Amino acid sequence: MPRTVLEPRFQVEYLSILDSDGKLDSSLEPDLPAADLKRLYRGMLLGRRLDERMIRLQRQGRIGTFAPIKGQEASQVGAVSTLKPSDWMVPSFRETAAMLWRGWPLEKLLMLYAGFLEGGQPEPGQNDLPVTIPVATQVPHAVGLAYAAQYRGDDAVVMSFCGDGATSEGDFHEALNFAGVWHVPVVFVVQNNQWAISVPLKKQTHSKTIAQKALAYGLPGLQVDGNDVLAVHAACREAVDRARSGDGPTLIECVTYRLGVHTTADDPTKYRAAEEVEAWEKKDPLTRFGAYLQKKKLLEDGLTESVDAEIAAAVKRFEALGTPDPLGMFEHAYATRPPHVEAQRAELAARLRNGDGPAAALANDPPSPPMRGQRTSRR
Amino acid sequence: MAKLNLVKALNLALLQEMERDEDVLIMGEDVGVDGGVFRVTEDLHRKFGSKRVIDSPLAEAAIIGAGVGMALYGLKPICEIQFSGFAFQCFHQIENHVARYRMRSQGRFHVPMVIRMPYGGGVRALEHHSESEEQFYAHIPGLKMVIPSGPRNARALLVSAIRDPDPVIFFEHKGLYHAAKEDVPDEIETMPLGRAQVVREGSDLTLIAYGAMLRLAREAADTLAEEDGAQCEVIDLLTISPLDRETLVASVRKTGRAVIVHEAPRSFGPGAEIATSIMDGAFLSLEAPIARVTSWDVPFPGFAREKGNVPDLARVLAAARETLAF
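Residues numbered from 1 in each chain as written. Chains lettered and ligands numbered in written order. Predicted model: local features only at pLDDT ≥ 70, side-chain atom pairs only at ≥ 80, totals over all residues.

(A) Expanded view of the overall build of chain A. Within chain A, the secondary structure is distributed over 13 helices and 8 strands. Taken over C-alpha atoms, the radius of gyration comes to 22 Å for chain A, in line with the 21 Å a tight globule of 379 residues would show. Principal axes of the C-alpha set define a box for chain A whose edges measure 80 × 55 × 45 Å. Put simply, chain A has 379 residues, and 44% of those count as buried. Partitioning the intrachain contacts of chain A with sequence separation of at least 6 by distance along the chain shows that 77% fall at a separation of at least 24. (Helix = DSSP H or I, 4+ residues; strand = E, 2+ residues; numbered from the N terminus. Rg over C-alpha atoms; globule rule 2.2 N^0.38 Å. Buried ≥ 20, exposed ≤ 12 C-beta atoms within 10 Å, placed from the backbone. Contact = placed C-beta atoms within 7 Å.)

(B) Up close: the overall build of chain B. Along chain B, the regular secondary structure elements total 11 helices and 14 strands. The C-alpha radius of gyration computed for chain B amounts to 19 Å, which stays within 12% of the reference 20 Å derived for 326 residues, consistent with globular compactness. The burial tally for chain B puts 59% of its 326 residues in the buried class. Contacts in chain B between residues far apart in sequence, at least 24 positions, make up 79% of those at least 6 positions apart.

(C) Seen up close, the interface of chain A and chain B. Taken together, the contact pairs 33 residues of chain A with 35 residues of chain B. Elements that contribute at least two residues to the side of chain A that touches chain B include exactly α5 (139–152), α6 (170–182) and α12 (339–353) of chain A.

(D) Here's a closer look at the domain arrangement of chain A. Taken as a whole, chain A is organised into domain 1 (13–319) and domain 2 (326–362). Each of domain 1 of chain A and domain 2 of chain A has a C-alpha centre, and the two are 38 Å apart. (Domains from an automatic or database assignment.)

(E) Structural context of the sheet that holds strand β11 (residues 232–236) of chain B. Residues and elements named next belong to chain B. If you trace the 5 strands from one edge of the open sheet to the other, you get β9-β11-β10-β13-β14, paired in mixed fashion. Because the sheet does not close on itself, it has two edges, and the strands there are β9 (197–200) and β14 (291–295). Across the sheet, the mean angle separating the axes of adjacent strands is 25 degrees when strand polarity is ignored. As paired strands, strand β10 (residues 205–209) and strand β13 (residues 258–265) are joined by 3 bridges and run parallel to one another. If you follow Leu207 over to β13, its bridge partner there is Val259. Contacts from helix α11 (residues 313–325) reach β10, β13 and β14 within the one sheet, and its direction differs from that of β14 by about 165 degrees. (Pairing = 2+ DSSP bridges. Axes fitted to C-alpha atoms, helices over the stretch in contact; angles between N-to-C directions.)

(F) Broad picture of the pairing of β11 of chain B. Residue and element names in this part refer to chain B. Across the 5 residues that make up β11, a large majority, 5, are buried. Judged by which residues are buried, β11 turns out to be covered on both faces: Cys232, Val234 and Asp236 on one side and Glu233 and Ile235 on the other are all buried. Alignment of β9 against β11, held across 3 bridges, turns out to be antiparallel. Note on β11: the bridge partner recorded for Val198 is Ile235. In the sheet, β10 pairs with β11 via 5 bridges, with the strands oriented parallel. By the bridge assignment for β11, Ile208 is matched with Ile235. Handedness of the crossover is the feature at issue here: the chain leaves β10, passes through helix α8 (residues 213–228), returns alongside β11, and the resulting connection is right-handed. (Right-handed = clockwise from strand over helix to strand, strands pointing away.)

(G) A look at the domain arrangement of chain B. Residue and element names in this part refer to chain B. Assigned domains within chain B: domain 1 (2–184) and domain 2 (197–325). Here the C-alpha centre of domain 2 lies 26 Å away from the C-alpha centre of domain 1. In this complex, domain 1 contributes 26 residues to the contact, which on the side of domain 2 involves 20 residues. For the side of domain 1 that touches domain 2, the secondary-structure elements that each account for two or more residues are α6 (134–138), β6 (144–146), α7 (151–163) and β7 (168–173). Residues of the side of domain 1 that touches domain 2, tallied by class, amount to 10 nonpolar, 10 polar and 6 charged. (Nonpolar A, V, L, I, M, F, W, Y, C, P; charged D, E, K, R; others polar.)

(H) Structural view of the sheet that holds β7 of chain B. Residue and element names in this part refer to chain B. Spatial ordering of the open sheet is given by β3-β2-β4-β5-β7-β6-β12, a layout of 7 strands whose pairing is mixed. Looking at the sheet topology across the chains shown, the edges are occupied by β3 (53–55) and β12 (239–241). On average, each strand axis in the sheet is inclined to that of its neighbour by 20 degrees, with strand direction left out of account. In terms of strand pairing, β6 meets β7 through 3 bridges, oriented parallel. For Met145, the partnering residue across the bridge sits in β7 and is Ile169.

(I) The arrangement of the packing of helix α3 (residues 60–73) of chain B against helix α4 (residues 91–98) of chain B in detail. Residue and element names in this part refer to chain B. The geometry of α3 relative to α4 is characterised by a closest axis approach of 8 Å and an angle of 20 degrees between their N-to-C directions. As summarised for this structure, α3 and α4 are arranged roughly parallel, according to the angle between their axes. Residues Ala61, Ile64, Gly65 and Val68 of α3 form the contact with α4, whose own contacting residues are Gln93, Ile94, His97 and Val98. Split by residue class, the contact of α3 with α4 holds 5 nonpolar, 3 polar and no charged. (Parallel < 35°, antiparallel > 145°, perpendicular 65-115°, else oblique.)

(J) View of the confidence of the model for chain A. Averaged over all residues, the pLDDT of chain A equals 92, while 93% of them reach at least 70. pLDDT under 50 marks residues 360–364 of chain A. Its contacts with residues more than four places away, or in other chains, come to 0 contacts. (pLDDT = per-residue confidence, 0-100.)

(K) Inspection of the pairing of strand β4 (residues 186–192) of chain A at higher detail. Residue and element names in this part refer to chain A. Taking burial as the measure, the 7 residues of β4 include 7 buried ones, the bulk of the element. Along β4, one buried face is formed by Val186, Phe188, Val190 and Asn192 and the opposite face, lined by Val187, Val189 and Gln191, is buried too. Relative to β4, strand β3 (residues 158–163) is paired through 6 bridges, and the arrangement is parallel. Bridge pairing links Val158 to Val186 in β4. With α6 bridging β3 and the parallel β4, this β-α-β connection has right-handed handedness. Here β4 pairs with strand β8 (residues 250–255) via 6 bridges, running parallel. Within β8, the residue paired with Asn192 across the bridge is Val255.

(L) Structural detail: α7 of chain B. Helix length check: α7 of chain B, at 13 residues, gives a terminal C-alpha distance of 19 Å against a target of 18 Å (1.5 Å per residue), a fit within 8%. Looking only at α7 of chain B, the buried set comprises Pro151, Asn153, Ala154, Arg155, Ala156, Leu157, Leu158, Val159, Ser160, Ala161 and Ile162 of chain B. (Expected span 1.5 Å × (residues − 1).)

(M) Highlighting the environment of Arg52 of chain B. All names here are of chain B. Mapped onto the elements, Arg52 comes out in the loop between α2 (44–48) and β3. Residue classification places Arg52 among the partly exposed residues on the basis of 19 C-beta atoms within 10 Å. With 45 residues separating them in the primary sequence, Arg52 and Val7 have C-alpha atoms 20 Å apart. For Arg52, the residues in contact, after removing those within four places along its chain, are Met18, Leu25 and Ile26.

(N) The arrangement of the packing of α5 of chain A against α3 of chain B in detail. Orientation of α5 of chain A relative to α3 of chain B, taken along the N-to-C sense of each, is 50 degrees, at an axis distance of 6 Å. It follows that α5 of chain A is oblique to α3 of chain B by the angle criterion. In this structure, α5 of chain A crosses over α3 of chain B, and the sense of that crossing is right-handed. Mapping the contact onto sequence places Pro140, His141, Ala142, Val143, Gly144, Leu145, Tyr147, Ala148 and Ala149 of chain A in α5 of chain A and Ala61, Ala62, Gly65, Ala66, Gly67, Val68, Gly69, Met70, Leu72 and Tyr73 of chain B in α3 of chain B. (Left-handed = near helix turned anticlockwise from the far one by under 90°.)

(O) Representation of the environment of Ile240 of chain B within the structure. Residues and elements named next belong to chain B. Here Ile240 is to be found in strand β12. For Ile240, a count of 28 C-beta atoms within 10 Å gives the class buried. Taking the C-alpha atoms as reference points, Ile240 and Gly194, 46 residues apart in sequence, are found 7.5 Å from one another. Setting aside residues no more than four positions away along its own chain, Ile240 makes contact with Glu134, Ala138, Met145, Ile147, Tyr210 and Pro270.

Put into structure tokens, the structure is as follows:
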């Protein structure tokens, strides 16, 4: 018997609205009011400037290792700007600009990367999960949140973030599969920044796109120019609207580039060529969107200064925090401390009262151990 | 009051909690139409529908991962892992997230989830269907680890686990599912988590066990009373973590001797923590070294050899007599 062609025929679309010079395909220009365009740019700039400031703070030893976002501002701000505050955002660990947009106070991000779990505590009523570090493990959480929202009859949409490396993890695929079967209101945003630490996309997957992975699970998948905030916004708007109207999940692949390091402990010169980085610098999302706004006469004077002042004020508040009370670690292990944890707390409290607690030891702290991807010596 | 086996008693707990609280839902492989491979969720799908009794795709990590999301939203998912031997495909979700969300979010979120798993050997089953792996969960801060020993306490403990604001790993011994029937009251009963029970009082030796091993401890106590004239106190642990050190210590202060029986392999198993806790609290009362009767430190040897691996009455008696004679 001859082989027959089965019905499903797939195609993956690619969406780009602004070219690398900020020139517009006007037929695709989203209908966004000037105030919204200005807000998008400010959100991206705030992400970029905070990132730069955090790198300096890290180099000075005032915060620990973190994952900078430089180059990915459009993917993040373009995506979360389509959510309502009552929707849910599920980040991985490289979503500073998205988190700022969602209302995380700047000093909380600084606290988080200075080792205070308080920095990971969402504000009351803020529907965001804290940063998740083990790759892709947060994606099923987004599906569960979406199931719960649907179960309760709430109007909420859930947006989850992960990177290209995460698409190799089982949790990513299990989550997409569950979302497809359950038909829940979730949008999976993959920031394909081309590099999972030192491993390039071509060693990560043999698929031509990440977007097409959605098709195997019966979901629509769309690839979008991740350095074009208008394209990301338009694609995510469509996906969020689809989710909210009961038409199920979508995968959006934002094709972008990590212009900087994987984390502040990484040295990318070991694994990628300067020419590659330079080529992507020409597609910098801030430059492109800035040129577009310039033409529309929407670029505000003094914006960088106002953003920097906001950051400086947050750094000041952060630095006024002082030393944490070690006993704080016993507050949120359980709803009620079991007797053995209570006894351990009392043991540490007694040490602290006697002055032989960790306060004295802190001064002689050994250097932090390396994080995932960190090299312990310079070449 | 009805005579129920463990399966029916657990089913009753699930039924009544689901009737009481719309936020309680069940998710797992074959838990819906099929009623679970051991029938613990039988009929619940018919009563509550497929939105509340979810036949999920076959993927442990997403069962627990999606359960985390549901719990963060405010629901109370009861996730069934079909056999505890398969839980390592979701162990990262349990360790990385279920146990830590309260801490990571500094109390903004918590995960009021129950993860039920059949565990234990002696049922002539294949590899991954016969192991006792409670030690992994008992070791993780942020979790509670519960193992009932019979229908009545299983029902009450499951109700308490569902109502507990913290995540609970709930092990059900496969060998107990149909082993014995007990009177289980119709009205909802709870039992505090973190409390052991003295199920037989005695003055000469403390026998500590849980799950299917409790029956061995009771039998050993009967035999020792009859044949040796020794009075054993028997403690049913019920909750492995947090461990009820107070009850253990009080008993050994009285008896001066202790034998711990568990099905998990010996090294770094619950017996090590139990013995240390007794040493901490009752060192000066001890008349003999604390003995452990456990499975050996080998991977599951296949059920043809299982009888030599899982503790039996003869091993418990031998350890008890050695301890009494020390």
